[in-house]
Amino acid sequence: MSAPVAKASTCCGKSAECVCAKQATCSCGKQSALHCTCDKANSENAVEGPRCSCRARPAGQCTCDRASTENQKPAGNACACGTRPADACTCEKAADGGFNPTEFETDFTTKN
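Rules of the game
- Each chain has its residues counted from 1, running along the sequence as written.
- Owing to the predicted nature of the model, reporting of local features is limited to residues with pLDDT of at least 70; listing and counting of side-chain atom pairs is limited to 80 or more, with chain, interface and lining totals taken over all residues.
- As a rule here, side-chain values come from all non-hydrogen atoms in the structure, and water together with hydrogens is ignored.
- Whenever a carboxyl oxygen of Asp or Glu lies within 4 Å of a side-chain nitrogen of Lys or Arg, that contact is scored as a salt bridge.
- Secondary structure elements are defined from DSSP: runs of H or I of at least 4 residues count as helices, runs of E of at least 2 residues count as strands, and each element is numbered from the N terminus.
- Partly exposed describes any residue whose relative accessible area lies between the buried limit of under 20% and the exposed limit of over 50%, with all areas from a 1.4 Å probe on protein chains only and scaled to the type maximum.
- For this text, the term disulfide refers to a pair of cysteine sulfurs within 2.5 Å.
- For every residue, the predictor reports its confidence as pLDDT, a number between 0 and 100.
- We call two residues contacting when some pair of their heavy atoms lies within 4.5 Å.

K.L.:
Provide a residue-level description of the pattern of salt bridges, including the pertinent values.
P.N.:
In the structure shown here, the tally under the stated rule is three salt bridges. Glutamate 44 is the partner of arginine 57 in a salt bridge, and the nearest nitrogen-oxygen pair spans 2.6 Å. One end of the pair, arginine 57, is in the loop between α2 (41-44) and α3 (67-70); the other, glutamate 44, is in helix α2, and 13 residues separate them in sequence. For glutamate 44, a relative accessible area of 11% gives the class buried. Ionic pairing is found between glutamate 70 and arginine 84, a salt bridge with its closest N-O pair at 2.9 Å. One end of the pair, glutamate 70, is in helix α3; the other, arginine 84, is in the segment after α3, with 14 residues separating them in the sequence. Arginine 84 matches glutamate 70 in its accessibility class, with the two residues each being buried. A single network of salt bridges, built from pairs that share partners, joins Arg66, Glu70 and Arg84.

K.L.:
An account of the state of the cysteines is requested, with residue identities and associated values reported.
P.N.:
Going through the model one piece at a time under the given rule, you end up with zero disulfides. Cysteine 64 provides the cysteine sulfur closest to cysteine 62, a residue in no disulfide bond, and the two sulfurs are 3.5 Å apart.

K.L.:
Requested: an account of the confidence of the model for the chain, with residues and values cited.
P.N.:
Summary statistics for the chain give a mean pLDDT of 74 and a share of 66% for residues scoring 70 or more. Of all the helices and strands in the chain, helix α1 (residues 19-23) carries the lowest mean pLDDT, 74, while α2 carries the highest, 86. With pLDDT under 50 throughout, residues 1-5 is counted as low confidence; its partners more than four residues away or in other chains account for two contacts.

Printed below as a string of structure tokens:
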């Protein structure tokens, strides 16, 4: 039996893997999030500051099927960054703020 795959503490938990991180795309929609190859690649592939729940996109710029809720400003108490709910911080100040979903992906597009 394989070990469970690590995922962000704020992941939706729909399955054992982070479904949202797999659905997320770069802003042009042609590539997976954090694997952009268009002219915005330098900024698209950076994981800094507050991010959406899966940590693959900047907060407020979610592209998965949870975008309608993810891209709203928090209604109650906000985290230190001010862009996420207090109990769902996703910036570097979060307990698992260094989580990067691409660390657990295998890029088969460059494999021979």
